[in-house]
Amino acid sequence: MLKLIKSYWGTLRRPAVHLSLGFLVIGSFVAGVVFWGGFNTAMEATNTEKFCTGCHEMRDNVYPELQRTIHFSNRSGVRAKCSDCHVPHEWTSKIARKMQASKEVWGKVFGTIDTREKFEAHRLQLANNEWRRLKANNSLECRNCHQFESMDFTRQSKRAVDAHSTQLASGEKTCIDCHKGIAHTLPDMHGVK
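Bear in mind the structure is a predicted one, so any value in this text is a computation, not a measurement.

The rules behind the values
Residues numbered from 1 in each chain as written. Predicted model: local features only at pLDDT ≥ 70, side-chain atom pairs only at ≥ 80, totals over all residues. Heavy atoms only, no water. Helix = DSSP H or I, 4+ residues; strand = E, 2+ residues; numbered from the N terminus. Rg over C-alpha atoms; globule rule 2.2 N^0.38 Å. Buried < 20%, exposed > 50% of the residue type's maximum accessible area, 1.4 Å probe, protein only. Areas by Shrake-Rupley, 256 points an atom, 1.4 Å probe, with all protein chains shown as cover. Lys, Arg positive; Asp, Glu negative; His and termini not counted. Charge placed at Lys NZ, Arg CZ, Asp CG, Glu CD. Patch = residues over 30% accessible without salt bridge, like charges linked within 9 Å, V, L, I, M, F, W, Y side chains within 5 Å. Salt bridge = Lys/Arg side-chain N within 4 Å of Asp/Glu carboxyl O.

Whenever I open this one, the overall build of the chain confuses me. Can you help?
In terms of helices and strands, the chain carries 10 helices and two strands. Listing each helix as α and each strand as β along the chain from the N terminus yields α-β-β-α-α-α-α-α-α-α-α-α. Relative to a compact globule of 193 residues, whose C-alpha radius of gyration would be 16 Å, the chain shows 24 Å and is clearly more extended. The dimensions of the chain, computed from C-alpha atoms along their principal axes, are 75 × 45 × 30 Å. Here the chain holds 193 residues, and the buried ones make up 23% of them. Here the chain has roughly 13,700 Å² of accessible surface; of this, 63% comes from carbon and sulfur atoms. Averaging the positions of the 28 positive and the 19 negative side-chain charges in the chain gives two centres separated by 9 Å.

Structure (structure tokens):
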């Protein structure tokens, strides 16, 4: 066993052209840790309310709408921030959503929604994009906080119990099918099911 360890140690100390293999391995590990730490720090920085409301398009249009809802202020003191509803918590889904969101930056760069009038003109399209995304991922962001298994049907209205115990339980519908406009003003819904 000692001979095997010495053999591996000798390999690690052996120079690889100019640097030892051990230095390259340890250096690569340290560089990986630094990169990963920086990457995760940047990821989390883009999930803050301050980041999301940093541009006036969000600060002046959708953020005031959120502030009027139960997701912002309620008796329990639990507040949902932008990323809670627009970014999944699971790592791989979060990365996929961040890559998708990077395309949305073009709207900011090219001024697609830089005025209230332009925002309102695009509201239905923007809402449809979110609704389609939430429908496709089975309202994953909603389920980060609201779990079907934890629902207390005795504290829900008869209408909610009927919908949750049948359509939601069977998978026929997902949260966003019934809860459009839960945190933001609905667009003009003419022609929308």
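Right, picking up where we left off after that structure.
What's the story with a nonpolar patch on the surface in this structure? I'm lost.
On the surface, Leu21, Phe23, Leu24, Val25, Ile26, Phe29, Val30, Val33 and Val34 cluster together into a nonpolar patch covering about 850 Å² of accessible area. Secondary-structure assignment places Leu24 in helix 2 (residues 21-45). Judged by its relative accessible area of 35%, Leu24 is partly exposed.

Would you take a moment to explain the environment of Lys6 for this structure?
Relative to the assigned elements, Lys6 resides in helix 1 (residues 2-13). Lys6 gets classed as exposed once you look at its relative accessible area, which sits at 58%. Between the alpha carbons of Lys6 and Val33 there is a distance of 27 Å; along the sequence they are 27 residues apart.

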